[in-house]
Amino acid sequence: MNNKNRIAVTIYTVSIMQMSALAVSAALSDISAQFPNVPTTTIQMIMSLPSLIMCVSTLISGQLARVMQKKYIIAIATAIVAASGVAGLLFHGSIGVLLMWAIILGFGIGLFMPQNSSIIALNFDDEKRGIISGRQVTAATVGGMALSALAGVLCSGQWYYVYFVYLLAIPGLICSLCFLPADRTETVQQKQQAQKGHVSGRSWIYIAAIFLFICVYNIIPNNLTMYITEKGIGNSTVAGLLTSVFLLGGAVAGIVYGGIGKYLQDKIIPVAFFLVIAGSLTLFLTNSLPLVFIGVFVAGTSVSFVMSQCVCRLAVVERPENMTLAMAFLMAANSLAQSIAPVFTKLSAIVFRTEDVVHRFLLIAVLGAILLCVTGILLRWEKRMSA
C-alpha cells in the first residue's frame, strides 16, 4: 500500500465515527425508562448535545492546527471519542453523567472533522480529491448506519452497552499515528490572510437554508426509538435498524445526486423539504412497520440533496479566498440546528396539547411546509442578487 492509499484508509477509518452520536438513539427509550423522572427533552439531549459541542470544538480544531500536527489532533480526537465510550460503560448512574459523556463525545468528533477535510485538500490533486471526498462522505454515512444497527443489538442486553460502539474509534487512532504524514504549521502570513475575508450575502442564504432544513430533519432520528415504543411495533433492535435505514436513504441519495442535481438544480432543496414532509406524514398516519421503514427511508434521502446542493452552490457564489470560512459557517449551522431539535418536543406538546410522540411527526410536516416557503423566498432572493 502506497502512502496516498494509507492516508485515504485513515480518512475513511476515522470518518466511520463522524456520525456516531446517532448510535445512542437506540437506547433513548431504555434510558427514559431508567430515569422516569427526567423530562423527555433532557433525555434527547444525550443525542443532540454532541452537535452543539461540535460547533465549538470545530473552531478550536482550526486554531490547534496552527500549532500542532494534524495527525496528532486526529489521534487526540479519536482517543477522546474512545474514552467517552469507556466512561459510559463504567459510569452511567445519573442523567448528568450521561450528558457529560455526550459533551466529551461531541468535542472529540468536532476536533477531527475539519482536520480530515484539510488532509484531503493538502494531499490529493483535483481529480483524486473529489473521489476521496465522496468516499469520505460514504464512510461517514455507512459508519453511522452500521454503528446504529450495532448499538440496537448491544443495548438489547443492557442499555449502557451502547457505549461499546465508541471503542471503534481506536483503529482510527492507530491509523492516524502510523499512516498520516507530518505537516507544517500555518505561517503568520497565512493567518493574516484567513482573517481578512467576509462571507458573501449569497452564501448566507444557503447557510440559512441548511439551518432551516436541519431544524426539521433532525427531529426524526431523535424520536424514532420512542415512536416505536409508543406504537408498540418494535423494540430497541428495530429502532436501531430504523436509524440505519434513515441513514441508508442519505447514502443512496448521495450516490444519485450528481444526475438528479443537474436536472433539478435549485429545485432540489424544495424537493428535499417535500421528502421530509412525506416521510413524517407517513410515520404519523401509519401503524404498519413496513410503511414506517419506507417513510424513514424517504425522509432520510433528503439530507444528502440539501447538503450537496448547498456545498455546490457555495463553490459557485463565494470568492475562493473566503471559501473555507463559508464552509465553516455551513458546518456550524448544520451542527447548531441538530443541537436544538429537542426544543421541538416541547413545541409539539404546546401546539397539539399532548405528549404523544406521534404528534411530533405531524409537527415536522407543519414546520416543514412553513420553512419550505421561507426557504423558497430566500432562494428567489439569491437569484435576484445574482442578476
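What counts as what
Residues numbered from 1 in each chain as written. Predicted model: local features only at pLDDT ≥ 70, side-chain atom pairs only at ≥ 80, totals over all residues. Heavy atoms only, no water. Helix = DSSP H or I, 4+ residues; strand = E, 2+ residues; numbered from the N terminus. Buried < 20%, exposed > 50% of the residue type's maximum accessible area, 1.4 Å probe, protein only. Contact = heavy atoms within 4.5 Å. Phe/Tyr/Trp six-rings, centres within 6.5 Å; stacked < 30°, edge-to-face > 60°. Axes fitted to C-alpha atoms, helices over the stretch in contact; angles between N-to-C directions. Parallel < 35°, antiparallel > 145°, perpendicular 65-115°, else oblique. Left-handed = near helix turned anticlockwise from the far one by under 90°. Nonpolar A, V, L, I, M, F, W, Y, C, P; charged D, E, K, R; others polar. Core = buried A, V, L, I, M, F, W, Y, C linked by side-chain atoms within 4.5 Å. 1 Å grid on protein atoms, 1.4 Å probe; cavity = no way out; pocket = protein on both sides within 12 Å on 5 of 7 lines; lining within 4 Å. Points joined across faces, edges and corners; volume = space filled by probe spheres on them. Patch = residues over 30% accessible without salt bridge, like charges linked within 9 Å, V, L, I, M, F, W, Y side chains within 5 Å. Areas by Shrake-Rupley, 256 points an atom, 1.4 Å probe, with all protein chains shown as cover. Salt bridge = Lys/Arg side-chain N within 4 Å of Asp/Glu carboxyl O. Expected span 1.5 Å × (residues − 1). Bend = angle between axes of the 7 residues up to and from the residue. Lys, Arg positive; Asp, Glu negative; His and termini not counted. Charge placed at Lys NZ, Arg CZ, Asp CG, Glu CD.

Engineer: I'd like a rundown of the overall build of the chain, residues and numbers included.
Structural biologist: Across its full length, the chain carries 16 helices and zero strands. Evaluated residue by residue, the chain yields a buried proportion of 53% over its 387 residues. Across the chain, the fraction of contacts at a sequence separation of at least 24, relative to all contacts at a separation of at least 6, is 85%.

Engineer: Describe the packing of aromatic side chains, and please don't skip the residues or the numbers.
Structural biologist: Under the defined criterion, the tally for this structure stands at nine aromatic pairs. Between the aromatic rings of Y160 and Y161, the centroid separation amounts to 5.3 Å while the plane-to-plane angle is 90°, which identifies the pairing as edge-to-face. Taking the relative accessible area as the measure of exposure, Y161 reaches 31% and is therefore partly exposed. For the ring pair Y163 and Y166, a centre distance of 6.2 Å and an interplane angle of 50° mean the geometry is tilted. We note that Y163, like Y166, is buried. Taken together, the ring pairs connect F35, W159, Y160, Y161 and F164 into an aromatic cluster.

Engineer: Residue-level account of the packing of helix α4 (residues 70–90) against helix α7 (residues 170–179), with values.
Structural biologist: Where α4 meets α7, the closest approach of the two axes is 8 Å, and the angle between their N-to-C directions is 165°. Here α4 is positioned roughly antiparallel relative to α7, judged by the angle of their axes. Here α4 and α7 pass one another in a crossing that is left-handed. Between α4 and α7, the residues in contact are K71, Y72, I74, A75, T78, A79 and A82 and I170, G172, L173, S176 and L177, respectively. For the contact of α4 with α7, a count of residues per class yields eight nonpolar, three polar and one charged.

Engineer: Quick rundown of the environment of L99? Include the residues and the values.
Structural biologist: By the element assignment, L99 lies in helix α5 (residues 95–123). For L99, a relative accessible area of 16% puts it in the buried group. In sequence terms L99 and I43 are 56 residues apart; their C-alpha atoms lie 8.7 Å from each other. Ignoring sequence-local partners within four residues, the contact set of L99 consists of T42, M45, I46 and L49.

Engineer: Describe the nonpolar core, listing the residues and the values that go with them.
Structural biologist: Counting residues in hydrophobic clusters, the biggest one holds 108 residues, and the most contacted among them are I31, L98, F112, Y163, Y166 and F213. With twelve residues, α5 is the largest single contributor of residues to this core. Ignoring sequence-local partners within four residues, the contact set of Y166 consists of M17, S20, A21, A23, V24, V81, A82, S84, G85 and L105.

Engineer: Could you give me a rundown of the layout of surface pockets, with the residues and numbers involved?
Structural biologist: By volume, the second largest pocket is sized at about 170 Å³. Considering the residues around the second largest pocket, the lining is formed by D266, K267, P270, G376, L379, R380 and K383. The leading source of residues in the lining of the second largest pocket is helix α16 (residues 358–386), at four residues. The residue inventory of the lining of the second largest pocket, partitioned by class, reads two nonpolar, one polar and four charged.

Engineer: Describe a nonpolar patch on the surface, with residues and values.
Structural biologist: A cluster of nonpolar residues, L248, V252, I255, V256 and I260, forms a patch on the protein surface that exposes about 390 Å² of accessible area. Tracing the sequence through the fold places V256 in helix α11 (residues 236–264).

Engineer: A description of the pattern of salt bridges should follow, citing residues and the corresponding values.
Structural biologist: Inspection of every chain in the model, using the stated rule, returns one salt bridge. Between R202 and E382 there is a salt bridge, with its nearest N and O atoms 2.7 Å apart. Linking R202 in helix α9 (residues 201–217) with E382 in helix α16, this pair joins segments that are 180 residues apart in sequence. You can call E382 buried: its relative accessible area is 1%.

Engineer: So, helix α10 (residues 219–231): which residues are in play, and what are the values?
Structural biologist: The terminal C-alpha atoms of α10, which comprises 13 residues, lie 17 Å apart, in line with the 18 Å expected from a rise of 1.5 Å per residue. At T225, α10 shows its strongest bend, of approximately 40°. For α10, the tally of buried residues reaches ten of 13 residues, placing the bulk of the element in the interior. Here α10 has its buried residues at I219, I220, P221, N222, N223, L224, T225, M226, Y227 and I228. Two residues or fewer after α10 comes G232, characterised by a positive phi angle close to 70°.

Engineer: Can you tell me about unusual backbone geometry, naming the residues and giving the values?
Structural biologist: Look at R353: it is not a glycine, yet its phi comes out positive at around 55°. For R353, the location among the structural elements is in the loop between α15 (343–352) and α16.

Engineer: An account of empty space enclosed by the protein is requested, with residue identities and associated values reported.
Structural biologist: If you walk through the whole model with that rule in mind, you get one cavity of 30 Å³ or more. Computed from the structure, the largest cavity encloses a volume of approximately 70 Å³. What lines the largest cavity is A21, V24, I46, P50, S84, L98, W101, A102, L105, Y163 and Y166. Listed by contribution, the elements that provide at least two residues to the lining of the largest cavity are α3 (40–64) and α5. With four residues, α5 is the largest single contributor of residues to the lining of the largest cavity. Taken together, the residues of the lining of the largest cavity sort by class into ten nonpolar, one polar and no charged.

Engineer: Hey, could you go over the side chain of K71 for me, with residue numbers and the actual values?
Structural biologist: Residue placement: K71 occurs in helix α4. When sequence neighbours within four positions are dropped, the list of residues in contact with K71 reads S176, L177, L180, P181 and A182.

Engineer: Before we move on, can you summarise a positive patch on the surface with the specific residues and values?
Structural biologist: Residues K267, R380, K383 and R384 make up a contiguous surface patch of positive charge. Looking at the secondary structure, you find K267 in the loop between α11 and α12 (268–285).

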